[in-house]
Amino acid sequence: MAVPVAFFALFFAYPVTAIVGRGLKAEGAWQFGRIGEVLSRPDILDVLWFTTWQALASTALTLLIALPGAYVFARFDFPGKQVLRAVVTVPFVLPTVVVGTAFLALLGRGGLLDELWGVRLDTTVWAILLAHVFFNYAVVVRTVGGLWSQLDPRQEEAARVLGAGRFAAFRRVTLPALAPAVAAAALMVFLFTFTSFGVVQILGGPAYSTLEVEIYRQTAQLLDLPTAAVLTLVQFAAVGGILAVHAATVRRRERALKLVDPAQTSRRPRGLGQWALLGGVLLTALLLILLPLGVLAERSLDGPGGYGFGYYEALQSVGAGGSSTFLVPPLEAVGNSLRYALVATLIALVIGGLAAVALTRRAGRLVRGLDALLMLPLGVSAVTVGFGFLITLDKPPLDLRTSWILVPLAQALVGVPFVVRTMLPVLRAVDDRLRDAAAVLGASPLRAWREVDLPLVRRAVLVAAGFAFAVSLGEFGATVFIARPDNPTLPVAVARLLGRSGELNYGQAMALGTILMLVCAVSLLLLERIRTDRSGEF
């Protein structure tokens, strides 16, 4: 526990506390009366209400659409499965500014929906909900599907032999085993939608504002740090309460499970019903995920003189079209993002892996408190974290403002919760009697973990690495404040280009967004191949 606690205390609690303190202190004294003043304002109450109900609606809609996909990826074997699994994960790492623009091309004025049926959904809550499902579909598919693929299907078959119907067997046998993974996926989706920023700002327009959008507006536009600090505390308290309820609920449902090689549970669909389910999942992926990504790629090729690679060629030079947006060619952001993401993934695996093992031991309230602590970065404003880094990590021995490691540290904060949430259900599902047997035979605790836990959790480690790498590639909220002008990441470069007027800047942003999409797809496809090649080892 020592390493994860020290990491979060230094790089999360310290910066967030410092920035909130600056907003609530006046002449050296805390002004707690400001909290009541801010929360009594009608406009703030409207923001709180919209933030909560749209997050609940987005989570429910995501589970409804993505759970069939989790079953298909876990139980069915079909051509192109690895490629499709990688493709459905790509949206999760795309910058919200790129996704918002792609959805505007589909749902806004002059978009595909407008041209075909004369219907516009931009500036409506439906556009926000659909974009949230687009982002979080992979969270449910990978988190739930990863455990589902390792559940022994013979247990459900045994229940059916004893007289249970198909639905009753699923409800009594499979669903309780999946409950912790479903709850973990729902928690992550809720936290991401509860703190949604770019999607709401671009697709919702001025009519809709979440806490994250309001914190940004109060900080960057109105320079009202006291109001921003109060909203940050509200967001922090809400997320802490949600995590506490989640931890108490899920732990009561956890139990030892019989896990098997995923290759033993995957087979080709049988019967009309299973083929129809597979077709429905493929159609959903086509309309919900591939169509917006296709629009993004199409816009990157649609130049003033017709279709071509003009926007991609412009990425190789500084100041193309008279722009001074970058100190280096925008294309260098690709290499920067890959290097940062690799380092952030390593940090997240070390911190998250140690934390997951500690949480497995169930050593009292202190460990249960760590479970909630590790999820807080997903629910605290990235704007707050970014500003906090700048004002706290500026003095020796932690003068990191000019160091390249600052960006991977910020990215790892978001990656660690995914590592923990992915590994923990599998680690807790391991039967304690296996560890006890290893100890009786003379194995030390370290060797018992290496020989018993690690073979079963290896698949979860690779899934966690993929998630950490993906979220590091697409992290934007905190990175935009700390990335150096001569070393921008891909999301920061896209945002800078979209922030400037001109057709060339917009086209270059679409080109960089497409490159980010392709880099992520290739990386995740390689991960899928590694997972498949090693699946027979445990």
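What you are looking at is a predicted structure, and each value in this text was computed from that prediction instead of being measured.

> Break down the overall build of the protein for me, citing the residues and quoting the values.
A tally of regular secondary structure across the protein gives 23 helices and four strands. Burial analysis of the protein (538 residues in total) assigns 54% to the buried set. For the protein, restricting intrachain contacts to residue pairs at least 6 apart in sequence, the fraction spanning at least 24 positions comes to 80%. Accessible area for the protein stands at about 22800 Å²; split by element, carbon and sulfur atoms hold 64% of it.

> Just give me the short version of the side chain of Ser-337, but keep the residues and values in it.
By the secondary structure assignment, Ser-337 is in helix H15 (residues 332-360). Residues within four places of Ser-337 in sequence aside, it is in contact with Leu-473, Thr-489, Leu-490 and Pro-491.

> Explain the nonpolar core to me, and be specific about the residues and the numbers.
The biggest cluster of nonpolar side chains holds 150 residues, and the ones touching the most others in it are Phe-7 and Phe-389. Other than its neighbours up to four places away in sequence, Phe-389 contacts Phe-11, Pro-15, Leu-406, Ala-410, Leu-413 and Ile-482. In this structure, Val-430, Ala-438, Ala-448 and Leu-456 belong to the second largest nonpolar core, which totals six residues.

> Provide a residue-level description of the environment of Thr-384, including the pertinent values.
Relative to the helices and strands, Thr-384 is located in helix H17 (residues 382-392). Between the C-alpha atom of Thr-384 and that of Ile-215, which follows or precedes it by 169 residues, the distance is 8.4 Å. Other than its neighbours up to four places away in sequence, Thr-384 contacts Val-16, Ile-19, Ile-215 and Thr-232.

> Requested: an account of a positive patch on the surface, with residues and values cited.
On the surface, Arg-160, Arg-166, Arg-267 and Arg-270 cluster together into a positively charged patch. Within the secondary structure layout, Arg-270 lies in the loop between helix H12 (225-253) and helix H13 (271-301). Using a relative accessible area of 58% as the deciding quantity, one classes Arg-270 as exposed.

> Tell me what's going on with the packing of helix H18 (residues 406-429) against helix H20 (residues 445-474), and back it up with residues and numbers.
As a packed pair, H18 and H20 sit with axes 8 Å apart at the nearest point and diverge in direction by 145°. Crossing of H18 over H20 shows right-handed handedness. Residues Gln-411, Val-414, Gly-415, Phe-418, Val-419, Thr-422, Met-423, Val-426 and Leu-427 of H18 form the contact with H20, whose participating residues are Trp-449, Asp-453, Leu-456, Val-457, Ala-460, Val-461, Val-463, Ala-464, Phe-467, Ala-468, Val-471 and Ser-472. Grouping the constituent residues of the contact of H18 with H20 by class yields 16 nonpolar, four polar and one charged.

> So what's going on with the packing of aromatic side chains? Residues and values would help.
This structure, assessed with the given rule, holds 13 aromatic pairs. Consider the rings of Phe-73 and Phe-78, whose centres lie 6.2 Å apart with planes at 55°: the pair is tilted. The same class applies to Phe-73 as to Phe-78, namely buried. Their ring planes at 25° and their centres at 5.6 Å tell us that Phe-190 and Phe-194 sit as a pair that is stacked.

> An account of the pattern of salt bridges is needed here, citing residue identities and associated values.
Summed over all chains, the structure comprises three salt bridges. Among the salt bridges present, the one from Arg-41 reaches Asp-43, with a minimum N-O distance of 3.1 Å. Classification of Asp-43 as partly exposed rests on a relative accessible area of 34%. Here Arg-450 and Glu-451 are joined by a salt bridge, their closest N and O atoms 3.8 Å apart. Assessed through its relative accessible area of 46%, Glu-451 is described here as partly exposed.

> How would you sum up the confidence of the model for the protein? Please name residues and give values.
Considering every residue of the protein, the mean pLDDT works out to 79; 88% of them sit at 70 or more. Confidence drops under a pLDDT of 50 for residues 534-538, and excluding neighbours within four residues, the segment shows nine contacts in the predicted structure.

> Mind laying out a nonpolar patch on the surface, listing which residues take part and the relevant values?
Taken together, the side chains of Leu-112, Leu-116, Trp-117, Val-119, Leu-283, Leu-286, Leu-287, Leu-290 and Leu-291 define a hydrophobic patch exposed on the protein surface, amounting to about 840 Å² of accessible area. When residues of the nonpolar patch are traced back to their parent elements, those giving at least two are helix H6 (112-117) and H13. Counting residues per element, the nonpolar patch draws most heavily on H13, at five residues. For Trp-117, the position within the fold is in helix H6.

> Quick one: what's the story with the side chain of Thr-62, residue by residue and with numbers?
With respect to the helices, strands and loops of the structure, Thr-62 is situated in helix H3 (residues 42-75). According to the relative accessible area criterion, Thr-62 is buried, its value standing at 0%. Not counting residues up to four positions away in its chain, the partners in contact with Thr-62 are Leu-67, His-132, Val-133, Asn-136, Tyr-137, Val-140 and Val-189.

> Outline the packing of helix H8 (residues 153-161) against helix H9 (residues 166-194), supporting the account with residue identities and numerical values.
Two elements in contact, H8 and H9, have axes separated by 9 Å at closest approach and are oriented at 130°. The angle between the axes of H8 and H9 places the two elements in the oblique class. The handedness of the crossing between H8 and H9 is right-handed. Along its contact with H8, which presents Gln-155, Glu-156, Ala-159 and Arg-160, the element H9 presents Arg-166, Ala-169, Phe-170, Val-173 and Thr-174. Of the residues that constitute the contact of H8 with H9, the class distribution is four nonpolar, two polar and three charged.

Cut-offs applied
- Residues numbered from 1 in each chain as written.
- Predicted model: local features only at pLDDT ≥ 70, side-chain atom pairs only at ≥ 80, totals over all residues.
- Heavy atoms only, no water.
- Helix = DSSP H or I, 4+ residues; strand = E, 2+ residues; numbered from the N terminus.
- Buried < 20%, exposed > 50% of the residue type's maximum accessible area, 1.4 Å probe, protein only.
- Contact = heavy atoms within 4.5 Å.
- Areas by Shrake-Rupley, 256 points an atom, 1.4 Å probe, with all protein chains shown as cover.
- Core = buried A, V, L, I, M, F, W, Y, C linked by side-chain atoms within 4.5 Å.
- Patch = residues over 30% accessible without salt bridge, like charges linked within 9 Å, V, L, I, M, F, W, Y side chains within 5 Å.
- Salt bridge = Lys/Arg side-chain N within 4 Å of Asp/Glu carboxyl O.
- Lys, Arg positive; Asp, Glu negative; His and termini not counted.
- Charge placed at Lys NZ, Arg CZ, Asp CG, Glu CD.
- Axes fitted to C-alpha atoms, helices over the stretch in contact; angles between N-to-C directions.
- Left-handed = near helix turned anticlockwise from the far one by under 90°.
- Nonpolar A, V, L, I, M, F, W, Y, C, P; charged D, E, K, R; others polar.
- Phe/Tyr/Trp six-rings, centres within 6.5 Å; stacked < 30°, edge-to-face > 60°.
- pLDDT = per-residue confidence, 0-100.
- Parallel < 35°, antiparallel > 145°, perpendicular 65-115°, else oblique.

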